[in-house]
Amino acid sequence: MDTDKAQRAFYALLGVATLGLLGWGASSAGAGGVAFGLFAALTIGGSLICVWERSVVRSAFSLMATFTGVAGLFLLLGADFLAVAQILIYVGGILALILFGVMLSPPDLAERKLSRVLSALVLLLGAVAWVGAKVSSTVTWATAGELPEPTTKVDEIGVAFLDPDGYVVAFELAAMILTAALVAAVYIARRKASDLTDPRTEGGA
Amino acid sequence: MGLGAYIAVSAVLFALGVVCIISRRNMIYVLMGIEMILNAANINFVAFNRFNGDAMDGRMFAIFVIILAAAEAAVALGIVLNVYHLFESIKPSDVDLMRD
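Residues numbered from 1 in each chain as written. Chains lettered and ligands numbered in written order. Predicted model: local features only at pLDDT ≥ 70, side-chain atom pairs only at ≥ 80, totals over all residues.

(A) Structural detail: the overall build of chain A. Each helix and strand counted, chain A has seven helices and zero strands in total. For chain A, the succession of helices and strands along the chain, N to C, is α-α-α-α-α-α-α. Scaling as 2.2 N^0.38, a compact globule of 205 residues should have a C-alpha radius of gyration of about 17 Å, whereas chain A reaches 23 Å, well beyond that. A principal-axis box enclosing the C-alpha atoms of chain A has dimensions of 75 × 60 × 30 Å. Within chain A, the fraction of its 205 residues that count as buried is 24%. (Helix = DSSP H or I, 4+ residues; strand = E, 2+ residues; numbered from the N terminus. Rg over C-alpha atoms; globule rule 2.2 N^0.38 Å. Buried ≥ 20, exposed ≤ 12 C-beta atoms within 10 Å, placed from the backbone.)

(B) Representation of the overall build of chain B in the model. Within chain B, the regular secondary structure consists of three helices and zero strands. Starting at the N terminus and ending at the C terminus, chain B contains elements arranged as α-α-α. A compact globule built from 100 residues should have a C-alpha radius of gyration of about 13 Å, whereas chain B, at 17 Å, is more than 25% larger. Counting only C-alpha atoms, chain B reaches 55 × 25 × 20 Å along its principal axes. When burial is assessed residue by residue, chain B has 55% of its 100 residues classed as buried. Of the contacts made within chain B by residues no fewer than 6 positions apart, 48% connect residues no fewer than 24 positions apart. (Contact = placed C-beta atoms within 7 Å.)

(C) Main features of the domain arrangement of chain A. Domain boundaries assigned for chain A yield domain 1 (1–107), domain 2 (109–139) and domain 3 (151–191). Domain 2 of chain A and domain 3 of chain A are separated by 35 Å when their C-alpha centres are compared. (Domains from an automatic or database assignment.)

(D) Examining unusual backbone geometry more closely. Residue and element names in this part refer to chain B. Phi is positive for Glu88, which is not a glycine, with a value near 55°. Position of Glu88 among the secondary structure elements: in the segment after α3 (57–87). Judged by C-beta crowding, with 9 C-beta atoms within 10 Å, Glu88 ranks as exposed.

(E) Seen up close, the interface of chain B and chain A. Taken residue by residue, the interface counts 59 residues in chain B and 69 residues in chain A. Those elements giving two or more residues to the side of chain B that touches chain A turn out to be α1 (3–23), α2 (27–50) and α3 of chain B. Its residues assigned to classes, the side of chain B that touches chain A comprises 44 nonpolar, nine polar and six charged. (Nonpolar A, V, L, I, M, F, W, Y, C, P; charged D, E, K, R; others polar.)

(F) Quick peek at the environment of Glu53 of chain A. Residues and elements named next belong to chain A. Looking at where Glu53 falls in the secondary structure, it is placed in the loop between α1 (2–52) and α2 (56–76). Classification of Glu53 as partly exposed rests on a count of 18 C-beta atoms within 10 Å. Placed 56 residues apart in sequence, Glu53 and Leu109 show a C-alpha to C-alpha distance of 9.4 Å. Residues contacting Glu53, with those up to four places away along its chain left out, are Arg58, Ser59 and Ser62.

(G) The arrangement of the confidence of the model for chain B in detail. Residues of chain B with pLDDT of at least 70 account for 99%, and the chain-wide mean is 89. Overall fold confidence for the complex sits at a pTM of 0.89, while the interface term, ipTM, reaches 0.92. (pLDDT = per-residue confidence, 0-100.)

(H) Quick look at the environment of Val16 of chain A. All names here are of chain A. With respect to the helices and strands, the residue Val16 is situated in helix α1. Judged by C-beta crowding, with 10 C-beta atoms within 10 Å, Val16 ranks as exposed. Once the C-alpha coordinates of Val16 and Ala174 are considered, the two residues, 158 residues apart in sequence, prove to be 43 Å apart.

(I) Geometry of the packing of α2 of chain B against α3 of chain B. Residues and elements named next belong to chain B. Two elements in contact, α2 and α3, have axes whose closest approach is 9 Å; the angle formed by their N-to-C orientations is 175°. With respect to α3, the element α2 is oriented roughly antiparallel. Counted together, Met27, Leu31, Glu35, Leu38, Ala41, Asn42, Phe45, Val46, Phe48 and Asn49 of α2 and Asp57, Gly58, Arg59, Phe61, Ala62, Val65, Ala69, Ala73, Ala76, Val80 and Val83 of α3 form the full contact between these two elements. By residue class, the composition of the contact of α2 with α3 is 15 nonpolar, three polar and three charged. (Axes fitted to C-alpha atoms, helices over the stretch in contact; angles between N-to-C directions. Parallel < 35°, antiparallel > 145°, perpendicular 65-115°, else oblique.)

(J) Structural context of the confidence of the model for chain A. Overall, the prediction assigns chain A a mean pLDDT of 85, with 91% of residues at 70 or greater. Averaged pLDDT values for the elements of chain A fall to 56 in helix α7 (residues 199–202) of chain A and rise to 93 in α2 of chain A.

(K) Up close: the packing of helix α3 (residues 80–104) of chain A against α3 of chain B. Following both chains from N to C, one finds α3 of chain A and α3 of chain B inclined at 10°, their axes separated by 10 Å at the closest point. Regarding the angle of α3 of chain A to α3 of chain B, the classification is roughly parallel. Counting all contacts with α3 of chain A, which are made through Leu82, Ala85, Gln86, Ile89, Gly93, Ile94, Leu97, Phe100, Gly101 and Leu104 of chain A, the residues of α3 of chain B involved are Arg59, Ala62, Ile63, Ile66, Ala69, Ala70, Ala73, Ala74, Leu77, Val80, Leu81 and Tyr84 of chain B. Here the residues of the contact of α3 of chain A with α3 of chain B sort into 18 nonpolar, three polar and one charged.

Structure representation (structure tokens):
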């Protein structure tokens, strides 16, 4: 079948691209490069599968690879607290929320149009390549060689949250936003009393 | 790995998020695309923070982005639930009460 062939070709290409990314990382920066290649492949491969797959459940679970890969990139950048927060909140929280949403979406395997996905992919990735070529011809990026070793800064993050010269206003505002969003989400999503089955209006049905 | 590699990963992730939003006809995919885009922005924040003296501003900003993403996901899911009750569909193009 045609779609089966496309599916196989997609996953074969994805595997080859992953190996290529790992090899490029190993040749350019050794063990750190392999780690970077692995997490980059997880990130990009997960989101590619999410865009590609027909079933919403598979897309949602492939997002887990994306979020884990991003957490790994945070680790490589020395942001350990952020990596753990990323796994806790995204993989544990937001993904569970999205899976709740998946449960209410009727399975519609004809929803994905291959031509639409492919043309959007070509268009956007072409745009990224074009902008990347433009930018990289004018900017010299910092390289990893000049950097000091990353230090863990969990205690400093905690102090900065409550420091009047730091982020205490943003911190309290974030607390208020979270409370308001929680209350609003419960209020919006709850079934109204009038929506529940009323024997007087249901009639014989 | 240099800064350019992280920026490249983040740019591709951003583009895939946009593809996810514009090429699927399902609100759940729109939510997933938004999460990808926010993650791409976070990679940028942390990478620039790391390669720019390792002050903490970028990391703190990324933490606030994660907080807002969590709030956004909860409210957006409530909205999707409500849209499904109202329209019996979660295709974004079916929500057209204000069209005429």
